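Close look at the chain arrangement
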Amino acid sequence: LLWVDILAMYAMYVMMSYLTNVWKIGFTHAAAIVNIFWGVVSLSPLFLSFIADTFTGNYWMLLLSSFSYSAGLGFLTIPEAIGEDQKILFYVAMPLIAFGMGGHMTSWNIFMTEQFSGEEDNLDEGTFWRFFCSVLAVIIVTFVAVLGLPYVKPWSLRFGIPAICTLVATLLFLSGSCSYKYFKPMGSPLTVFFRVFVAAFSNLFYRTPKDSKQLFEIDNPQLYSVPHTRSLRCLDKAAIVIPTKPLEEQAKNTWRLCTVTEVEETKTIIRMIPVWMTFILCGVVSAIGFTYFIEQLDHLNPKVGRLKVPTVALLWFYEQAQNQCVKLAPSFGISVSMILAILCCITAAKVENRRLGVVQRHGLVDKPDERVPMTMFWLLPQFVLLGGFNGIFNYSAISFFIDQSPVSTHRCLPFFVSGVSGVGILCSVVSVYVVGRISERGGKMWFQHDLNGSRLDKYYWTLAWLMAVNLVVFIVVAVFYRYKEAELAEQQAEEFGGINEPYDDDSKGFCCCCCC
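Residues numbered from 1 in each chain as written. Predicted model: local features only at pLDDT ≥ 70, side-chain atom pairs only at ≥ 80, totals over all residues. Heavy atoms only, no water.

- Identification of the protein as Major facilitator superfamily (MFS) profile domain-containing protein from Erythranthe guttata is taken from an unreviewed UniProt entry.
- Database annotation for the protein, UniProt heading Subcellular location (unreviewed entry): "Membrane". (UniProt positions renumbered as here; feature names shortened; annotations may be inferred.)

**Re the packing of aromatic side chains**
- A full pass over the atoms with the stated rule returns 38 aromatic pairs.
- Here the aromatic cluster, defined as three or more aromatic residues joined through ring pairs, consists of W276, F279, F389, F393, F400, F401, F416 and F474.
- When the ring centre of W23 is taken as origin, the NZ or CZ atom of K87, which lies over that ring, is 5.8 Å away.
- Here the basic side chain of R158 rests over the ring of W155, its NZ or CZ set 4.3 Å away from the ring centre. (Phe/Tyr/Trp six-rings, centres within 6.5 Å; stacked < 30°, edge-to-face > 60°. Lys NZ or Arg CZ within 6 Å of the ring centre and 35° of its normal.)

**Considering a nonpolar patch on the surface**
- On the surface, F67, L167, L171 and L174 cluster together into a nonpolar patch covering about 320 Å² of accessible area.
- On the secondary structure map, L171 appears in helix α6 (residues 155-175). (Patch = residues over 30% accessible without salt bridge, like charges linked within 9 Å, V, L, I, M, F, W, Y side chains within 5 Å. Areas by Shrake-Rupley, 256 points an atom, 1.4 Å probe, with all protein chains shown as cover. Salt bridge = Lys/Arg side-chain N within 4 Å of Asp/Glu carboxyl O. Helix = DSSP H or I, 4+ residues; strand = E, 2+ residues; numbered from the N terminus.)

**A few points about the pattern of salt bridges**
- Scanning the model with the defined rule gives seven salt bridges in all.
- Its salt-bridge partner being D236, residue R233 comes within 2.7 Å of it at the nearest N-O pair.
- Taking the relative accessible area as the measure of exposure, R233 reaches 33% and is therefore partly exposed.
- A residue is classified by how much of its surface remains accessible, and D236, at 1% relative accessible area, is buried. (Buried < 20%, exposed > 50% of the residue type's maximum accessible area, 1.4 Å probe, protein only.)

**Some remarks on the confidence of the model for the protein**
- Overall, the prediction assigns the protein a mean pLDDT of 83, with 89% of residues at 70 or greater.
- No element of the protein has a lower mean pLDDT than helix α17 (residues 506-515), at 43, and none a higher one than helix α13 (residues 333-361), at 94.
- Scored below 50 in pLDDT, residues 483-488 makes eight contacts in the model with residues more than four places away or belonging to other chains. (pLDDT = per-residue confidence, 0-100. Contact = heavy atoms within 4.5 Å.)

**Quick look at a positive patch on the surface**
- A surface patch of positive charge is lined by K153, K303, K308 and R371.
- In this fold, K153 is placed in the loop between α5 (125-147) and α6.
- For K153, a relative accessible area of 56% puts it in the exposed group. (Lys, Arg positive; Asp, Glu negative; His and termini not counted. Charge placed at Lys NZ, Arg CZ, Asp CG, Glu CD.)

**Details of the layout of surface pockets**
- Volume-wise, the largest pocket comes out at about 1700 Å³.
- Around the largest pocket, the lining is made up of 46 residues, and of these M9, M105, E319, Q322 and N394 lie nearest the centre.
- Looking at the lining of the largest pocket, the elements with two or more residues in it are α1 (2-13), α3 (27-76), α4 (84-115), α10 (273-286), α12 (313-327), α14 (380-404) and α15 (413-441).
- For the lining of the largest pocket, the element with the highest residue contribution is α4, accounting for eight residues.
- Within the lining of the largest pocket, the residues separate by chemical class into 26 nonpolar, 17 polar and three charged. (1 Å grid on protein atoms, 1.4 Å probe; cavity = no way out; pocket = protein on both sides within 12 Å on 5 of 7 lines; lining within 4 Å. Points joined across faces, edges and corners; volume = space filled by probe spheres on them. Nonpolar A, V, L, I, M, F, W, Y, C, P; charged D, E, K, R; others polar.)

**A closer look at the side chain of E264**
- Among the secondary structure elements, E264 is positioned in helix α9 (residues 260-271).
- There is a polar contact of 3.0 Å between the side chain of E264 and the side chain of K267.
- Among all residues touching E264, those that are not within four sequence positions of it are V226, P227, H228, T229 and D236. (Polar contact = N/O pair within 3.5 Å; in protein donor to acceptor, adjacent residues only side chain to side chain.)

**Points about unusual backbone geometry**
- Of note in the backbone geometry, K24 takes a positive phi value of approximately 60° without being a glycine.
- Position of K24 among the secondary structure elements: in the loop between α2 (15-21) and α3.
- Although it is not a glycine, L232 adopts a positive phi angle of roughly 50°.
- As for its placement among the helices and strands, L232 is situated in the loop between α7 (190-202) and α8 (247-252).
- Classification of L232 by relative accessible area gives partly exposed; the value is 31%.

**What about empty space enclosed by the protein?**
- All chains considered together, the criterion is met by two cavities of 30 Å³ or more.
- Of the voids in this model, the largest cavity is the one considered here, and its volume is about 60 Å³.
- Lining the largest cavity are P189, L190, V192, F193, E265, T266, I269, P406, S408 and T409.
- Elements supplying a minimum of two residues to the lining of the largest cavity: α7 and α9.
- Of the domains in this structure, domain 2 (189-266) and domain 3 (267-492) are the two that each give at least three residues to the lining of the largest cavity.
- Its volume calculated, the second largest cavity comes out at about 40 Å³.
- Lining the second largest cavity are I269, M272, W276, F401, S405, P406, T409, L413 and F416.
- Along the lines of polarity and charge, the residues of the lining of the second largest cavity split into seven nonpolar, two polar and no charged. (Domains from an automatic or database assignment.)

**Concerning the environment of I425**
- The residue I425 is located in helix α15 in this model.
- Under the relative-accessibility criterion, I425 is labelled buried at 8%.
- C-alpha separation for the pair I425 and I36, spaced 389 residues apart in sequence, amounts to 7.2 Å.
- Setting aside chain neighbours within four positions, we find I425 in contact with N35, W38, G39, S42, G283, V284 and A287.

**Thoughts on α7**
- Its 13 residues give α7 an end-to-end C-alpha distance of 19 Å, which sits within 8% of 18 Å, the value for a rise of 1.5 Å per residue.
- Along α7, the residues that are buried comprise L190, V192, R195, V196, A199 and A200.
- Tucked inside the fold, the buried residues of α7 contact α3, α9 and α15. (Expected span 1.5 Å × (residues − 1).)

**Concerning the nonpolar core**
- Counting residues in hydrophobic clusters, the biggest one holds 124 residues, and the most contacted among them are M12, M15, Y18, L19, W38, F279 and Y459.
- Here this core gets 15 residues from one element, more than from any other, and that element is α3.
- Three or more residues apiece are contributed to this core by two domains, here domain 1 (1-114 + 131-180) and domain 3 (267-492).
- Excluding residues within four positions of it along the chain, L19 makes contact with K24, I25, A30, I33, V34 and F90. (Core = buried A, V, L, I, M, F, W, Y, C linked by side-chain atoms within 4.5 Å.)

**With respect to α13**
- End to end, α13 covers 42 Å across 29 residues, agreeing with the expected 42 Å (1.5 Å per residue, within 8%).
- At the C-terminal side of α13, G363 shows a positive phi close to 65°.

In structure tokens, the structure reads:
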């Protein structure tokens, strides 16, 4: 399934070119379709993980999403002559592919972990060679996707090859069903979050006791527990024990009575929301990579001498920058990633301004289908900066969540990060609309039907200063958040006998470094 994911991803990366070249729609309209698709892909794992953990389990989530993946890619193998029927198939295919990608992102890693749980020291030679062949297949397919797919001219075949491969991989996965380990869904940690709110609302008219020891908690030293804090006292109502009812009866209804630990874990998640909000603009910047960057790339000269370089080669550089920068991510990675995002937008604005100059000098303003005599490698710096930004941001954001979030939610953390990015990608559609309307009031609409008549460079400059403002807001929020955590530690020390020891817990000390 992994090597097919790579092949399908590279096929979907060029969706922007398909919509503008085949459908002949405006590039902002095409960007909106692509961003909605990738936004749903990024956001869906947060919900699909809840379904997998609560109902289906990882095997069925992988199987269902794989068939959805195959069907969606199959629907994209439509003739290049676009009619109403083909458009209907296209709009059916996109959510099917989004569900397939989201399902794989949700369950693939966890499923693989389940299969080898308890067998780390018992791997036989056959297993080793299967792994070796799998890794080799991933490497080969990556190079085929980068070097081979761009030379496939019919779009129906360019989507058809990943569709056939995905179906074959799904059937191969299905053929091994008898040998897989199956685990019963144990419930989602997100359920606790909802239970606390329901229980707090149901006890809304009961007074919260002043002594936190009167709140409900399971007294078992072998169970993980979190001490009570004085913040967000309204949620403490979820742990109120009603004196007129037997405690045993109340404890059975977990939607009416929660433990102090569950309440405190929910408080921790809520306290992180201001930090999450500053991550949304990171998703907006990330969205330009597979929309406007691709559109620019599609109109530049791909040749180096007589050699024609595949345009998706720059996407390979993007992926490499994203993967390699993870290894170089410093402890203050989120701020560094935002600075890289600013530099990426500034670089993109400068390059686009140069491209527009070349367009005007060669009289190509009204000839959007012609190649601009400017090498596509002018876009390489912005692709590399965007990849570095995404790589460092994803690593640092996950590290931040691991440090600050409840232990019970750690398996969902990557989905929280992708979910916030997904919201930002969806917001990019709104940002283009708003910026376009504002520019129209200023005298000239920045976004025209084609790229040559637009001022995409001004949009990049807008994103650059918005990200600069966002960086300042983030640092302020991060410093404030760190202060609140130190205050919480003091409160906890007071509750444990008034001994206020130095705050040197590694798991709490990471926040300030990671953020700032």
